[in-house]
Amino acid sequence: MIQYFTRSGLMVKFIRNQKNKVMLKIALPIRFGIAISAGLIAYFLVLALFGLHTNPLFSLFNGVITGFGIYEAIKFYKLSKGKDFEYGDGFSVGVVTGFVATIIFTAFFGLYAENINPEFLSNMITAWETTYNTSLGSVIFVVAIMGFATSTVLTLSFMQLFKPSWNLKKKPKTSQA
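### Quick notes on the nonpolar core
Okay, step 1: In terms of nonpolar packing, the biggest core is built from 32 residues, with Phe-44, Ile-74, Phe-105 and Phe-109 touching the most fellow members.
Okay, step 2: Counting residues per element, the ones that place at least two in this core are α2 (10–49), α3 (60–81), α4 (87–116), α5 (120–124) and α6 (136–162).
Okay, step 3: Residue contributions to this core peak at nine residues, all from α2.
Okay, step 4: Setting aside residues no more than four positions away along its own chain, Phe-105 makes contact with Ser-37, Leu-40, Ile-41, Phe-44 and Val-143.

Laid out in structure tokens, this is it:
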């Protein structure tokens, strides 16, 4: 029986289809997460070029970069799934995309603050330096938590746009003359 399936191509087609579903759900968030983190790192380095990377106000644009990437990842996943798109799958794609980007950017941030520019941390937290003992580990932890929270909230928001509507379509009114 197995030889029959493999000769006719049905089993091979089934295995490929299952493999594509798994690869889409795994590879897609990783690919988009890497792209988001590249955008975040590039934005951070451009700010560093102008000496603006110590101003926390500019980190608000990180949400725009992350949001665009998560939105595109969910949209691409929905387009490739078609009618088989489910809320849970789209949510997991968005969250994993954001988490991958957060992990990569947090690792870069730690590397930058510790090795590339050791004065960065003291320049960034000059307002709190006298009252709090802020270490690199605590700043990296806060960066990671902010990234995870942003990813989760943006994914929940975008899934409201992508989930199927439960509203019933209105029937056109017919005029009776």
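From this point, things continue past the structure.
### Here's the deal with the environment of Val-100
Okay, step 1: Tracing the backbone through its elements, the reader meets Val-100 in helix α4.
Okay, step 2: The residues touching Val-100, leaving out its near neighbours within four places in the chain, are Pro-29, Ile-30, Gly-33 and Ile-34.

### Examining α3
Okay, step 1: The terminal C-alpha atoms of α3, which comprises 22 residues, lie 32 Å apart, in line with the 32 Å expected from a rise of 1.5 Å per residue.
Okay, step 2: Among the residues trailing α3, Gly-82 stands out with phi positive, at a value near 65 degrees.

### Topic: the layout of surface pockets
Okay, step 1: Roughly 750 Å³ of internal volume is contained in the largest pocket.
Okay, step 2: Considering the residues around the largest pocket, the lining is formed by 33 residues, among which Ser-59, Asn-62, Phe-109, Val-143 and Met-146 are closest to the centre.
Okay, step 3: No other element matches α6, which puts seven residues into the lining of the largest pocket.
Okay, step 4: Across the lining of the largest pocket, the residue classes tally to 19 nonpolar, 14 polar and no charged.

### What to know about the side chain of His-53
Okay, step 1: Within the secondary structure layout, His-53 lies in the loop between α2 and α3.
Okay, step 2: Looking at His-53, the relative accessible area reads 13%, which means it is buried.
Okay, step 3: A polar side-chain atom of His-53 sits 3.3 Å from a polar atom in the side chain of Tyr-112.
Okay, step 4: Not counting residues within four places of it along the chain, the set of residues in contact with His-53 comprises Phe-44, Leu-47, Ala-48, Tyr-112, Asn-117 and Phe-120.

### Let's talk about a nonpolar patch on the surface
Okay, step 1: There is a patch of nonpolar side chains on the surface, built from Ile-26, Ile-30, Ile-34 and Ile-104 and spanning about 320 Å² of accessible area.
Okay, step 2: For the nonpolar patch, the element with the highest residue contribution is α2, accounting for three residues.
Okay, step 3: One can find Ile-26 in helix α2.
Okay, step 4: Of the residues examined, Ile-26 reaches a relative accessible area of 47% and is grouped as partly exposed.

### Quick word on the packing of aromatic side chains
Okay, step 1: Using the criterion set out here, one finds 16 aromatic pairs in the structure.
Okay, step 2: With a centroid separation of 4.6 Å and an interplanar angle of 55 degrees, the aromatic rings of Phe-99 and Phe-148 are classed as tilted. Within this pair, whereas Phe-99 is found in helix α4, its partner Phe-148 is found in helix α6, the two being separated by 49 residues in sequence.
Okay, step 3: We classify Phe-99 as partly exposed; its relative accessible area is 28%.
Okay, step 4: Ring centres 5.5 Å apart and planes at 75 degrees place the aromatic pair Tyr-112 and Phe-120 in the edge-to-face group. Like Phe-120, Tyr-112 is buried.
Okay, step 5: Put simply, the rings of Phe-44, Phe-105, Phe-108, Phe-109, Tyr-112 and Phe-120 pair up and form one aromatic cluster.

### Some points on the confidence of the model for the chain
Okay, step 1: Scored by pLDDT, the chain comes out at a mean of 83, with 77% of its residues at no less than 70.
Okay, step 2: Within the model, pLDDT remains below 50 along residues 1–7, and this stretch shows four contacts once partners closer than five positions in the same chain are excluded.
Okay, step 3: A low-confidence stretch, residues 10–15 (pLDDT under 50), is modelled with four contacts involving residues beyond four sequence positions or located in other chains.

### A few points about the packing of α3 against α4
Okay, step 1: Running from N to C, α3 and α4 point in directions that differ by 145 degrees, and their axes come no closer than 9 Å. The handedness of the crossing between α3 and α4 is right-handed. Note on element contacts: α4 touches α3 through Asp-89, Gly-90, Val-93, Gly-94, Thr-97 and Gly-98, opposite Gly-69, Ile-70, Ala-73, Ile-74 and Tyr-77.
Okay, step 2: Among the residues forming the contact of α3 with α4, the class breakdown is five nonpolar, five polar and one charged.

The rules behind these values
Residues numbered from 1 in each chain as written. Predicted model: local features only at pLDDT ≥ 70, side-chain atom pairs only at ≥ 80, totals over all residues. Heavy atoms only, no water. Core = buried A, V, L, I, M, F, W, Y, C linked by side-chain atoms within 4.5 Å. Buried < 20%, exposed > 50% of the residue type's maximum accessible area, 1.4 Å probe, protein only. Helix = DSSP H or I, 4+ residues; strand = E, 2+ residues; numbered from the N terminus. Contact = heavy atoms within 4.5 Å. Expected span 1.5 Å × (residues − 1). 1 Å grid on protein atoms, 1.4 Å probe; cavity = no way out; pocket = protein on both sides within 12 Å on 5 of 7 lines; lining within 4 Å. Points joined across faces, edges and corners; volume = space filled by probe spheres on them. Nonpolar A, V, L, I, M, F, W, Y, C, P; charged D, E, K, R; others polar. Polar contact = N/O pair within 3.5 Å; in protein donor to acceptor, adjacent residues only side chain to side chain. Patch = residues over 30% accessible without salt bridge, like charges linked within 9 Å, V, L, I, M, F, W, Y side chains within 5 Å. Areas by Shrake-Rupley, 256 points an atom, 1.4 Å probe, with all protein chains shown as cover. Salt bridge = Lys/Arg side-chain N within 4 Å of Asp/Glu carboxyl O. Phe/Tyr/Trp six-rings, centres within 6.5 Å; stacked < 30°, edge-to-face > 60°. pLDDT = per-residue confidence, 0-100. Axes fitted to C-alpha atoms, helices over the stretch in contact; angles between N-to-C directions. Left-handed = near helix turned anticlockwise from the far one by under 90°.

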